[in-house]
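# Structure assessment
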Amino acid sequence: MVEHSVHLSLELKVFRCTWWLLSKLICYQAGITHSVFLFLFPELVPSIMSNMLNPDAIFSNNEMSLSDIEVYGFDYDYTLVFYSKHLHTLIFSAARDLLVNEHRYPAEIRKYDYDPNFAIRGLHYDVHRALLMKIDAFHYIQLGTVYRGLSVVPDEEVIAMYDGSHVPLEQMSDFYGKSSQGNTMKQFMDIFSLPEMTLLSCVNEHFLKNNIDYEPVHLYKDVKDSIRDVHIKGIMYRKYICYAEQTRAVLAKLADHGKKMFLITNSPSSFVDKGMRFIVGKDWRDLFDVVIVQADKPNFFNDKRRPFRKVNERGVLLWDKIHKLQKGQIYKQGNLYEFLKLTGWRGSKVLYFGDHIYSDLADLTLKHGWRTGAIIPELRSEIKIMNTERYIQTMTWLQTLTGLLEHMQVHRDPDSQMILEEWKKERKDMREMNRNFFNAQFGSLFRTDENPTYFLRRLSRFADIYMASLSCLLNYELDYTFYPRRTPLQHELPAWSDQPCAGAFRVPFLQETVQIK
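The numbering scheme is per chain: residues are counted from 1 as the chain's sequence reads. pLDDT decides what is reported in this predicted model: residues at 70 or higher carry local features, side-chain atom pairs at 80 or more are listed and counted, and totals for whole chains, interfaces and linings draw on all residues regardless. Side-chain figures throughout are based on the complete set of non-hydrogen atoms in the structure, without hydrogens or water.

## Thoughts on helix 7 (residues 216-232)
Residues lying three or four places apart along an α-helix face the same way, a consequence of the helix completing one turn every 3.6 residues. What counts as a helix is a DSSP run of H or I of at least four residues, what counts as a strand is a run of E of at least two, and both are numbered from the N terminus. The span expected for a helix works out to 1.5 Å for each residue beyond the first. The end-to-end C-alpha distance of helix 7, which contains 17 residues, comes to 24 Å, matching closely the 24 Å that a straight helix rising 1.5 Å per residue would cover. Buried within helix 7 are the following residues: Pro 216, Leu 219, Tyr 220, Asp 222, Val 223, Asp 225, Ser 226, Ile 227, Asp 229 and Val 230. Residue contacts are counted whenever heavy atoms from the two residues lie within 4.5 Å of one another. Packing partners of the buried residues in helix 7 comprise helix 4 (85-101), strand 5 (124-126), strand 9 (185-187) and helix 6 (193-209). Polar contacts, as used here, are pairs of N or O atoms within 3.5 Å; protein pairs need one atom able to donate a hydrogen and one able to accept it. Residues neighboring in sequence count only if both atoms are side-chain atoms. The N-terminus of helix 7 is capped by Glu 215, whose side-chain oxygen sits 3.1 Å from the backbone nitrogen of Val 217. Classification of residues uses two cut-offs on accessible area relative to the type maximum, computed with a 1.4 Å probe and protein chains only: under 20% is buried, over 50% is exposed, and between them is partly exposed.

## A short note on the UniProt feature "binding site: GMP" (unreviewed entry) in the protein
As annotated in UniProt, the feature "binding site: GMP" (unreviewed entry) corresponds to Asp 77 in the numbering used here. Dropping the residues within four chain positions of it, Asp 77 is found in contact with Tyr 83, Phe 192, Ser 267, Phe 271 and Asp 355. UniProt positions are given in the numbering used here, feature names are shortened, and annotations may be inferred rather than shown by experiment.

## Regarding the nonpolar core
Definition used in this section: a nonpolar core is a set of buried Ala, Val, Leu, Ile, Met, Phe, Trp, Tyr and Cys residues joined via side-chain atoms within 4.5 Å. Phe 74, Phe 288 and Phe 339 are the most contacted members of the largest nonpolar core, which has 145 residues in total. Top contributing element to this core by residue count: helix 13 (residues 389-408), with 8 residues.

## Overview of the environment of Thr 265
You can see Thr 265 is positioned in the loop between strand 11 (260-264) and helix 9 (269-279). Through-space distance from the C-alpha of Thr 265 to that of Lys 332 is 9.5 Å; in sequence the pair is 67 residues apart. Those residues in contact with Thr 265, other than ones at most four positions away along the chain, are Asp 75, Tyr 76, Val 272, Ile 292, Val 293, Gln 294, Ala 295 and Lys 297.

## A look at the side chain of Arg 121
Mapped onto the secondary structure, Arg 121 falls in the loop between helix 4 and strand 5. Of the residues examined, Arg 121 reaches a relative accessible area of 2% and is grouped as buried. Of note is the side chain of Arg 121, whose polar atom sits 2.9 Å from the side chain of Glu 378.

## Regarding the environment of Met 261
Take Met 261: it is sitting in strand 11. Measuring from C-alpha to C-alpha, the distance between Met 261 and Val 290 comes to 7.0 Å, with 29 residues separating the pair along the chain. Discounting chain neighbours no more than four positions away, the residues touching Met 261 are Tyr 72, Phe 74, Leu 251, Leu 254, Ala 255, Leu 287, Phe 288, Asp 289 and Val 290.

## Some points on the environment of Arg 309
With respect to the helices and strands, Arg 309 occurs in strand 13 (residues 308-311). Using a relative accessible area of 32% as the deciding quantity, one classes Arg 309 as partly exposed. With residues up to four places along the chain from it excluded, the contact list for Arg 309 reads Leu 317, Leu 318, Trp 319, Ile 330, Tyr 331 and Lys 332.

## Concerning the pattern of salt bridges
A side-chain nitrogen of Lys or Arg and a carboxyl oxygen of Asp or Glu constitute a salt bridge if their distance falls within 4 Å. Under the criterion given, the structure shown has 26 salt bridges. Its salt-bridge partner being Asp 126, residue Arg 129 comes within 3.2 Å of it at the nearest N-O pair. One salt-bridge network, in which partners are shared between bridges, spans Arg 96, Asp 97, Arg 110 and Asp 113.

## Let's talk about the UniProt feature "binding site: Mg(2+)" (unreviewed entry) in the protein
Per the UniProt annotation, the sites labelled "binding site: Mg(2+)" (unreviewed entry) are Asp 75 and Asp 355. Separation in sequence by 281 residues is not matched in space for these annotated residues, since their most distant C-alpha atoms are only 7.6 Å apart. Note that Asp 75 resides in the loop between strand 3 (71-74) and strand 4 (82-83). Among all residues touching Asp 75, those that are not within four sequence positions of it are Leu 80, Leu 263, Ile 264, Thr 265, Lys 297, Tyr 352, Phe 353, Gly 354, Asp 355 and Asp 360. Along the polypeptide, Asp 355 turns up in the loop between strand 15 (350-354) and helix 11 (357-367). What makes Asp 355 buried here is its relative accessible area of 3%. The contacts of Asp 355, once residues within four sequence positions are left out, are Asp 75, Asp 77, Tyr 78, Thr 79, Arg 121, Asp 190, Ile 191, Asp 360 and Ile 375.

## Some points on unusual backbone geometry
Omega for the bond connecting Lys 297 with Pro 298 falls within 30 degrees of zero, at 5°, which places this linkage in the cis form. Positionally, Pro 298 belongs in the loop between strand 12 (290-293) and strand 13. The phi dihedral of Tyr 78 falls on the positive side, at around 60°, and the residue is not glycine. Locating Tyr 78 in the fold gives a position in the loop between strand 3 and strand 4.

In structure tokens:
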């Protein structure tokens, strides 16, 4: 018994010493030298530093060979063309002014300007409670990321409102992320929704700060309508195109290899024509076998009743019955079932790219068997952050703390419990630091503290491959096969306490962890 106590005391001292030393060395403010890091973790450094992620890579959820793809399809906005953040400022300001001028909102809301760093894609908005939040793949709210207006809601208040942090299925957004038929949550999946989320939060903030009684449902509808009107009234987007210099190179590569190509977009003909002339050239239609505008996705994929209409050079709609989709022509509306009948392009030989996981990809992969590629511009910046030394150090220590907590929780003596509480507090602080690497309010687009986000869950289900931009295709031959990386399931992982030790404490599966974060 005495021998056991001495052994435990010695083990405790080793743990305390290691915890103190590592927390001092690996902390965010102080940094760490390579020599010390190598001394403490001789097996860790190669597994981290030699596995930097490539922000220009294509990532696979499902095995797919480009040699099987004969037809390539594209959305337009944020797929073929990208816009500068100044466009979001313009959308925010125009919609804000519409609220004042047409919906009679207080003129004082004009004092709010667009903050490009406030929101991220994939957030949920509780329409009835006027709360913006981040939800994980299991419908749990990430505490600390619930905002009423521009202020975070205390965790205790969130738990009281939702009887915990879980959102039941019937309250979640519907299949397309909308709040309808009793669903109280709206999920913002479109990149154009960033100014909408920010405007909602700013107007909520004004009402709350000035004790103005209002109906959150009406506010949500008015902001949604104002954002829609900004798009319908036709802001001139062309001058806000930020970069698309690789679009022509991608299209030319596919054309040179004899691939068929088509464009299906919700944008109007004149807008698409001006943009494509700007980024590709006046002969852009020669690259596409079929061009469809104002398709009204996702209805385009489900409504069999709407016929195609031809658009002439002056933008006038013709009344001719469409028996064939001709190259060089532009068509409006229509539906996918007629599209399949007229082209014969079916199944897994078709690969379609889009940025909206629901409107662009979901129906195609679930109902029609097309292969799908998601364009996620945020991917590039997040990967660059993940490759920084500060992020790697923070994640290394966060993983180490988790292992220490699991290993030491069996010890019930006061000294052990005191250290465990200190570790828990530090782990909480490290999680907040990790979130701040990406977005101070909501963190990463792809992860909550531990779990994948609801956004990533849908991305994994509806996209065979995903990438930051179409230009990533230029890095691959057109017979390349994408293989999803096999990552261990939870029951395939040994417990933290069963991991072999090397040096002080080895972080298990760090190489795999770094690769899948």
